[in-house]
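# Understanding the architecture of this molecule
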Amino acid sequence: MGRIFLLMGKSTSGKDTIYRELIKNEELRLNQVIPYTTRPMRDGETDGVQYFFKDEQEYQNLKKSGKIIEERTYHTNYGEWRYFTVDDGQIDLSAGNYLVIGTLESYCYIRDYFGKENVIPLLIDVDAKIRLQRAMHREDKQEHPKYDEMCRRFLADEEDFSEDKIAQAMVQDRFKNNGKIDDCINEITRYIIQKIG
Ligand SMILES: Nc1ncnc2c1ncn2[C@@H]1O[C@H](COP(=O)(O)OP(=O)(O)OP(=O)(O)O)[C@@H](O)[C@H]1O
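Sequence order sets the numbering: in each chain, residues are counted from 1 along the sequence as written. Restriction of local features to residues with pLDDT of at least 70 applies here, the model being predicted, together with a cutoff of 80 or more for giving and counting side-chain atom pairs; totals for whole chains, interfaces and linings are based on all residues.

## Digging into the site of the ligand
To decide whether a residue is near a molecule or strand, its C-beta atom is placed from the backbone and checked for lying within 6 Å of it. The immediate surroundings of the ligand are formed by 13 residues, with G14, K15, D16, T17 and I181 found nearest. Runs of E in the DSSP output that reach at least two residues are strands. Runs of H or I that reach at least four are helices, and both are numbered from the N terminus. Those elements giving two or more residues to the shell around the ligand turn out to be α1 (15–24) and α4 (128–140). Per element, the largest residue contribution to the shell around the ligand is three residues, and it comes from α1. Only Asp, Glu, Lys and Arg are considered charged in this grouping, and only Ala, Val, Leu, Ile, Met, Phe, Trp, Tyr, Cys and Pro are considered nonpolar; every other residue, Gly among them, is considered polar. Of the residues that constitute the shell around the ligand, the class distribution is one nonpolar, seven polar and five charged.

## Topic: the sheet that holds strand β2 (residues 30–32)
The parallel open sheet is built from five strands, whose spatial order is β2-β7-β1-β8-β9. The two strands at the open ends of the sheet, each matched to only one other strand, are β2 and β9 (174–176). Taking the axes of each pair of neighbouring strands and ignoring which way they run, one obtains an average angle of 30 degrees across the sheet. We treat two strands as partners when DSSP finds at least two bridges between them. For β2 and strand β7 (residues 97–102), the ladder comprises three bridges, and the chain directions are parallel. When the sheet's bridge partners are listed, Q32 is paired in β7 with L99. Here the contact rule is simple: place C-beta atoms from the backbone, and any two residues whose C-beta atoms are within 7 Å are in contact. Comment: axis = line fitted to C-alpha atoms, over the contacting stretch for helices; angle = value between 0 and 180 degrees taken between N-to-C directions. Against the sheet, helix α3 (residues 104–114) contacts β1 (4–9), β7 and β8 (119–125), and its axis sits at roughly 165 degrees relative to β1.

## Things to note about the nonpolar core
Of all hydrophobic cores here, the largest spans 27 residues; its most connected members are I4, F5, L6, L7, Y98, L122 and I188. Sorting the residues of this core by element identifies β1, β7, α3, β8 and α7 (181–196) as the ones contributing at least two each. If we skip the residues at most four places from it in the chain, L7 touches K15, I18, Y19, L99, I101, L122 and I124. Any set of buried Ala, Val, Leu, Ile, Met, Phe, Trp, Tyr and Cys residues joined through C-beta atoms within 7 Å is what this text calls a nonpolar core. Working definition of burial: number of other C-beta atoms within 10 Å of the residue's own, with buried at 20 or more, exposed at 12 or fewer, and partly exposed in between, all C-beta atoms being placed from the backbone.

## Here we look at the sheet that holds strand β3 (residues 36–37)
Spatial ordering of the open sheet is given by β4-β3-β6-β5, a layout of four strands whose pairing is mixed. In this open sheet, the two edge strands, each paired with only one partner strand, are β4 (52–53) and β5 (68–76). As paired strands, β5 and strand β6 (residues 79–86) are joined by eight bridges and run antiparallel to one another. Among the inter-strand pairings, Y74 is bridged to a residue of β6, identified as W81.

## Some words on the packing of α1 against α7
Where α1 meets α7, the axes come as close as 10 Å, and the angle between the chain directions of the two elements is 50 degrees. What the angle tells us is that α1 and α7 run oblique. Judged by the twist between their axes, the crossing of α1 over α7 is right-handed. Taking contact as the criterion, the partners of T17, I18, E21 and L22 in α1 are, on α7, I181, C184, I185, I188 and T189. Of the residues contributing to the contact of α1 with α7, the split by class is six nonpolar, two polar and one charged. Should an angle lie under 35 degrees it is considered roughly parallel, over 145 roughly antiparallel, and from 65 to 115 roughly perpendicular; all remaining angles are considered oblique. A clockwise turn of the near helix away from the far one marks a right-handed crossing, whereas an anticlockwise turn of less than a right angle marks a left-handed crossing.

## Here we look at the UniProt feature "domain: Guanylate kinase-like" (unreviewed entry) in the protein
UniProt positions are given in the numbering used here, feature names are shortened, and annotations may be inferred rather than shown by experiment. What UniProt calls "domain: Guanylate kinase-like" (unreviewed entry) maps, in this numbering, to residues 2–193. Structurally, residues 2–193 comprises 40% helix and 24% strand, and the distance from its first C-alpha atom to its last is 12 Å.

## Topic: unusual backbone geometry
Phi angles above zero are rare outside glycine, and R29 is one such case at about 50 degrees. Mapping R29 onto the fold places it in the loop between α1 and β2. On the basis of neighbour counts, which here come to 11 C-beta atoms within 10 Å, the residue R29 falls in the exposed class. The phi angle at M170 is positive, at roughly 60 degrees, despite the residue not being glycine. We classify M170 as exposed; it has 11 C-beta atoms within 10 Å.

Right under this line is the structure:
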């Protein structure tokens, strides 16, 4: 039986970078799951690659059919944007293992949907000072740095990933990414290999 590995962590903890490396690793043979969104497609994006792009009506239909596994809604300046995962046949645990990026909240929904034994959380931890420095460095490189948004996310994440919530979700598998990212990737790789046997 396959497993779903759910990579999560605060903003700038290294999720995207670690995800890309784990997916590339042929030994692990982890499958991707394409999420859904109602936000408009950006230049360079293709439907079914980064996301499946749906409109509000299509979202409502999926919701009615009970196919939505987890969802988040962001109230943006452009209206409500939804991000969601759909039970559309992409995840077939008899066919292999999967890697997804999520939040503590989405982990709980996915765990409850597929069963605790089938969903393995991988929580990336970075000390606050290092994470802020990396976030600042990333922002510095933007044409129009948004330091206010960076700070907002930093503070929001402190809440969303509070030690209380981590304990409540019973997430115990934690991986430090304070040093070289390769060390963290290697540690997670070894852990996944051990889990998938
Ligand atoms: N171990 C590390 N050493 C140095 N820089 C790192 C390390 N890990 C991540 N970074 C840098 O931190 C930044 C954030 O990494 P990444 O985008 O992978 O994080 P993320 O958790 O997906 O962030 P977000 O949720 O904000 O999109 C990138 O600039 C990345 O190069």
